[in-house]
Amino acid sequence: MKKINSKLTILGSGPAGCTAAIYAARSGLNPIMINGSQPGGQLTITTDVENYPGFEDPVLGPDLMQNMIKQAENVGCHTYNEQISEINLEQYPYTLKNNNTTFITESIIIATGASAKWLGLKNEEKFRGHGVSACATCDAFFFKNKKVAVIGGGNTAVEEALFLTKFAKEVILVHRRDQLRAEKILQKRAFSNNKISFLWNSVVVDINGNENPKLVKSISIQSLKDNSISILDVDGIFVAIGHKPNTDLFMNKLELDNEGYLIVNNQVFTNKKGIFAAGDVHDKTFRQAVTAAGFGCMAALEAEKFIESKK
Ligand code: NDP
């Protein structure tokens with residue numbers, strides 16, 4: 001078993017992890033970043049990114065993340081394309097392990113992100129990026145004057161529906177009950193927006209489309225009132241049924257809220273000394289690449305102060 005010692009270990013390599021890595025490396029902490037199961041994070045499953053500052057033209061999500069990881073490496077962060085399966089936060093310094101390596105570290109920045117929940121339909125994965133999305137902010141632009149469905153009844157679904165009306169000509173919100181879970185103020189906005197209509201007591205049971213080019217054409221909807229199936233013609237479907245923070249590893253080890261997000265104080269402090277959180281793993285409000293990057297920066301600056309204070 002290989003043993004690697006570091007002052008700072010960053011878990012996750014999305015915008016939060018990479019930004020933390022860049023700041024920590026530049027302040028001489030010699031950090032290591034463990035890239036996790038999806039190096040680069042959620043942006044690697046989107047196409048064009050137009051809302052990350054610094055790019056005159058749209059940048060591909062996977063390219064942006066590859067560049068961020070390279071930037072972190074170029075300024076001195078050691079990256080490992082590995083995952084951690086075990087973590088000991090009871091003994092200091094902390095240890096993180098997988099089958100090959102034990103990482104022993106004085107501080108940790110957790111930037112393991114979140115994963116969108118999906119419906120679990122057969123064609124959902126096939127059409128992802130070709131009409132199926134879980135991020136209106138990322139992809140709404142591609143549905144100018146098109147007809148789209150949003151699935152879900154929470155804040156995310158309603159916000160996504162509202163955002164989509166800036167581009168799409170028609171937005172149909174499909175919800176499994178006859179009442180939205182979203183906050184009243186958002187509901188009011190949605191109900192008064194004449195581009196949005198509602199399909200209540202309904203669930204999506206299939207996504208239908210063309211093979212070549214791969215494009216969504218319609219969704220099959222089941223009514224939960226009489227079980228009848230109908231076809232709704234749409235160009236896109238936005239799944240907004242919630243996100244799941246990637247915190248399984250920290251259960252019973254760090255404070256999590258009832259949805260599984262890490263609880264932080266003062267933006268990035270977890271309940272254990274020297275352990276910080278950055279990005280979607282604790283932030284359920286903004287969930288943007290640029291805000292995650294901001295949290296990564298804050299976490300690295302606090303980690304630096306923490307390590308300095310131990311000298
Ligand atoms: P929520 O868990 O609040 O809502 C998920 C929605 O999806 C619910 O309406 C739920 O239905 C529906 N749903 C869940 N699973 C399925 C399924 N398998 N099939 C069909 N429908 C399903 O998630 P959100 O992402 O909307 O919000 C997460 C958290 O983030 C919340 O605390 C929210 O308040 C917060 N948030 C805050 C924002 C803000 O303050 N501006 C913006 C966005 C999110 P049902 O209602 O029947 O359970």
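Scroll up a little and you will see the structure.
Residues numbered from 1 in each chain as written. Predicted model: local features only at pLDDT ≥ 70, side-chain atom pairs only at ≥ 80, totals over all residues. Heavy atoms only, no water.

A. Main features of the overall build of the protein chain. Looking only at helices and strands, the protein chain features seven helices and 19 strands. Taking 311 residues into account, the globule formula puts the C-alpha radius of gyration at 19 Å, and the protein chain, at 21 Å, falls close to it. Expressed as lengths along the three principal axes of its C-alpha atoms, the size of the protein chain is roughly 65 × 40 × 35 Å. Burial status across the protein chain gives 48% buried among its 311 residues. Counting only contacts in the protein chain whose residues sit at least 6 apart along the sequence, the fraction spanning at least 24 positions is 60%. Carbon and sulfur atoms make up 47% of the accessible area of the protein chain, which totals about 15,400 Å². Distance between charge centroids for the protein chain: 2 Å, based on 34 positive and 32 negative side chains. (Helix = DSSP H or I, 4+ residues; strand = E, 2+ residues; numbered from the N terminus. Rg over C-alpha atoms; globule rule 2.2 N^0.38 Å. Buried < 20%, exposed > 50% of the residue type's maximum accessible area, 1.4 Å probe, protein only. Contact = heavy atoms within 4.5 Å. Areas by Shrake-Rupley, 256 points an atom, 1.4 Å probe, with all protein chains shown as cover. Lys, Arg positive; Asp, Glu negative; His and termini not counted. Charge placed at Lys NZ, Arg CZ, Asp CG, Glu CD.)

B. Quick look at the nonpolar core. Among the nonpolar cores identified, the biggest contains 35 residues, and Leu8, Ile10, Met33, Tyr52, Leu64, Ile109 and Phe276 are the most heavily contacted of them. Mapped by element, the contributors of at least two residues to this core are β1 (2-11), α1 (15-26), α2 (61-74) and α7 (289-309). By residue number, the principal contributor to this core is α7, which donates nine residues. Discounting residues that sit within four places of it in the chain, Leu8 has contacts with Ala24, Leu29, Pro31, Ile32, Thr105, Ser107, Ile108, Ile109, Ala303 and Ile307. Counting residues in each nonpolar core, the second largest holds 21 residues, with Val150, Leu164, Leu180 and Ala190 among its members. (Core = buried A, V, L, I, M, F, W, Y, C linked by side-chain atoms within 4.5 Å.)

C. Representation of the packing of α1 against α2 within the structure. Relative to each other, α1 and α2 sit at 25°, their axes nearing to 8 Å. By the angle class used here, α1 and α2 are roughly parallel. Remark: the crossing between α1 and α2 carries left-handed chirality. Across from Pro15, Cys18, Ala21 and Ile22 in α1, the residues of α2 making contact are Met65, Met68, Ile69, Gln71 and Ala72. Residue composition of the contact of α1 with α2, grouped by class: eight nonpolar, one polar and no charged. (Axes fitted to C-alpha atoms, helices over the stretch in contact; angles between N-to-C directions. Parallel < 35°, antiparallel > 145°, perpendicular 65-115°, else oblique. Left-handed = near helix turned anticlockwise from the far one by under 90°. Nonpolar A, V, L, I, M, F, W, Y, C, P; charged D, E, K, R; others polar.)

D. Molecular detail of the packing of aromatic side chains. Tallied over the full model, the rule gives eleven aromatic pairs. Summarising the aromatic geometry, the rings of Phe198 and Trp200 are spaced 5.1 Å apart at their centres and angled 5° between planes, so their arrangement reads as stacked. Accessibility expressed as a relative area gives 28% for Trp200, which makes it partly exposed. Relative to Phe276, the ring of Phe269 lies with its centre 5.4 Å away and its plane at 65°, an arrangement referred to as edge-to-face. Put simply, the rings of Phe141, Phe142, Phe163 and Phe167 pair up and form one aromatic cluster. Between the NZ or CZ atom of Arg128 and the centre of the ring of Trp118, over which it lies, the distance is 3.8 Å. Over the ring of Tyr92 we find Lys273, and its NZ or CZ is 4.3 Å from the ring centre. (Phe/Tyr/Trp six-rings, centres within 6.5 Å; stacked < 30°, edge-to-face > 60°. Lys NZ or Arg CZ within 6 Å of the ring centre and 35° of its normal.)

E. Local environment of the site of the ligand. Taken together, 17 residues surround the ligand, and among them Thr156, Glu159, Arg176, Arg177 and Arg181 come closest. Note that an oxygen atom of the ligand is positioned 3.2 Å from one of the backbone N or O atoms of Gly154. Thr156 places a side-chain nitrogen or oxygen 2.5 Å from an oxygen atom of the ligand. Relative to its unbound accessible area of 910 Å², the ligand is 76% covered by the protein chains. Considered class by class, the residues forming the shell around the ligand number three nonpolar, seven polar and seven charged. Three or more residues apiece are contributed to the shell around the ligand by two domains, here domain 1 (2-115 + 244-310) and domain 2 (118-239). (Near = heavy atom within 4 Å. Polar contact = N/O pair within 3.5 Å; in protein donor to acceptor, adjacent residues only side chain to side chain. Domains from an automatic or database assignment.)

F. The pattern of salt bridges, seen in detail. Under the defined criterion, the tally for this structure stands at eight salt bridges. In this structure, Lys244 engages Asp248 in a salt bridge whose closest nitrogen and oxygen atoms are separated by 3.4 Å. As a salt-bridge pair, Glu302 and Lys305 come within 3.5 Å of each other at their nearest N and O atoms. Highlighted residues: Glu302 and Lys305, both in helix α7, separated by three residues, approximately one helical turn. Using a relative accessible area of 21% as the deciding quantity, one classes Glu302 as partly exposed. With a relative accessible area of 53%, Lys305 lands in the exposed category. A cluster of three or more residues bridged by salt bridges with shared partners is formed by Asp257, Glu259 and Lys284. (Salt bridge = Lys/Arg side-chain N within 4 Å of Asp/Glu carboxyl O.)

G. Examining the state of the cysteines more closely. Applying the stated rule across the entire model yields one disulfide. One disulfide bridge connects Cys135 with Cys138, the sulfur atoms lying 2.0 Å from each other. Note on the Cys135 and Cys138 pair: the S-S dihedral is about 80°, so by sign convention the disulfide is right-handed. A relative accessible area of 22% means that Cys138 is categorised as partly exposed. (Disulfide = S-S within 2.5 Å.)

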